[in-house]
Amino acid sequence: MSGVGAADSHDGQDTHSTRTSTASDCWCPPCIDRLQGYTALADDDESEWPTQPDHVVDMYVEPRQVLFQQTPTEETDVEPGVTPGGPEPEQFPDFFFDPVGLHVEAGDVIDFYNESPGIHTITAFHPRFSEPPFFEVPQLIPDGAPPFSSPPVAADEHWLYKFDEPGVYDLLCLPHLDLGMVMRVVVTDGDDTFEEPEIGEDLPPAVLTVYGAPEMSVENIVEEGSVAWDDLTIEEKLDPDALFAEEGGE
């Protein structure tokens, strides 16, 4: 059978109300698991998926011109963005979800599709995915939602997840969290309204930059329905100086 998944349902019947375990719900695949979702491999037949998605989020890695060499000072005569005797400005890629903000209805299924040649995950912000003492992941999903994550999603693969619990879901790519690969899904049921998540200051600078964009507010995502990566009004979506600064530096 195609795909790697687990269940929200069996023979079309919702079984959440009769189960309290957070282990895999997959009794009769193909189906979408509350913790592991459903992975469709590159050569799988879409007709064999457990359901057709309501929305699609693409995952990209694209080069962009980022100048992180030495910049001019009064003591140096250096062309902006060029290190003396060094290489030309480097191509440093953006790692991103697109759309980066999405409003859905409770029960909707999102297809996360890997457009890039690398590997990504779709992971809920939850302490389950912390790696102390290296980094702590705060809970930025609804209390009633499970701490879900996809497995590594390779090029041309899809990962499906059903968002049942209303609330604000902040999601990340585990390999590329430091590079600001995050997104926000707002799930409503009727006229639900939600406060802005408290992101805090302990997350990587690139993450704070993305979530700090005014387009990423919960109100704007609900109003617009979808926020594209290119819609974010921030000059640099990641700050290489901050990313690669030595700990304890400025």
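Structure: see above.
Residues numbered from 1 in each chain as written. Predicted model: local features only at pLDDT ≥ 70, side-chain atom pairs only at ≥ 80, totals over all residues. Heavy atoms only, no water.

Where do I start with the pattern of salt bridges in this structure?
Opposite charge on two side chains permits pairing when their charged atoms draw close. Applying the stated criterion across every chain yields a total of 3 salt bridges. Notably, a salt bridge pairs D164 with K162, separated by 3.8 Å at the nearest N-O pair. Residue classification places K162 among the partly exposed residues on the basis of a relative accessible area of 27%. Linking R184 and D170 is a salt bridge whose minimum nitrogen-to-oxygen distance equals 2.6 Å. Linking R184 in strand β12 (residues 182-188) with D170 in strand β11 (residues 167-172), this pair joins segments that are 14 residues apart in sequence. We note that R184, like D170, is buried. Taken together, the salt bridges that share partners define one network made up of D170, R184 and E196. (Salt bridge = Lys/Arg side-chain N within 4 Å of Asp/Glu carboxyl O. Buried < 20%, exposed > 50% of the residue type's maximum accessible area, 1.4 Å probe, protein only. Helix = DSSP H or I, 4+ residues; strand = E, 2+ residues; numbered from the N terminus.)

Can you help me understand the environment of V137 in this one?
With respect to the element layout, V137 can be found in the loop between β9 (123-124) and β10 (158-163). The exposure class assigned to V137 is buried, which follows from its relative accessible area of 5%. Separated by 12 residues in sequence, V137 and F125 place their C-alpha atoms 6.1 Å apart. With sequence-adjacent residues up to four places away left out, V137 is seen in contact with F125, H126, P127, F129, S130 and L172. (Contact = heavy atoms within 4.5 Å.)

Please clarify how the side chain of E215 should be interpreted in this entry.
With respect to the helices and strands, the residue E215 is situated in the loop between α1 (205-211) and α2 (218-224). Setting aside anything within four residues of it in sequence, one finds E215 in contact with N220, I221, V227, D231, L232 and T233.

Any chance you could explain unusual backbone geometry here in plain terms?
In this structure, the amide linkage connecting D98 to the following residue, P99, adopts the cis form with an omega of 5 degrees. Here P99 lies in the loop between β6 (91-98) and β7 (101-105). Of note in this structure, D156 is not a glycine but carries a positive phi near 65 degrees. In this fold, D156 is placed in the loop between β9 and β10. Under the relative-accessibility criterion, D156 is labelled partly exposed at 40%.

How do you make sense of the nonpolar core when you look at a structure like this?
Across soluble globular proteins, nonpolar side chains show a tendency to be buried alongside one another. F112, F125, F163 and L171 are the most contacted members of the largest nonpolar core, which has 50 residues in total. The dominant element in this core, judged by the number of residues it contributes, is β12, at 5 residues. Apart from the residues within four sequence positions on either side, F163 is in contact with E105, A106, G107, D108, I110, F112, F148, Y169, L171, V185 and V187. Grouped together as the second largest cluster of nonpolar side chains are 6 residues, I32, W49, V109 and L160 included. (Core = buried A, V, L, I, M, F, W, Y, C linked by side-chain atoms within 4.5 Å.)

I would appreciate a short explanation of a negative patch on the surface in the present structure.
Negative charge collects at one region of the surface, where E62, E219, E223, E224, D230 and D231 lie side by side. Of note, D231 is situated in the loop between β13 (226-227) and α3 (240-244). What makes D231 partly exposed here is its relative accessible area of 42%. (Patch = residues over 30% accessible without salt bridge, like charges linked within 9 Å, V, L, I, M, F, W, Y side chains within 5 Å. Areas by Shrake-Rupley, 256 points an atom, 1.4 Å probe, with all protein chains shown as cover. Lys, Arg positive; Asp, Glu negative; His and termini not counted. Charge placed at Lys NZ, Arg CZ, Asp CG, Glu CD.)

Any functional reading would require information that these geometric values do not contain.
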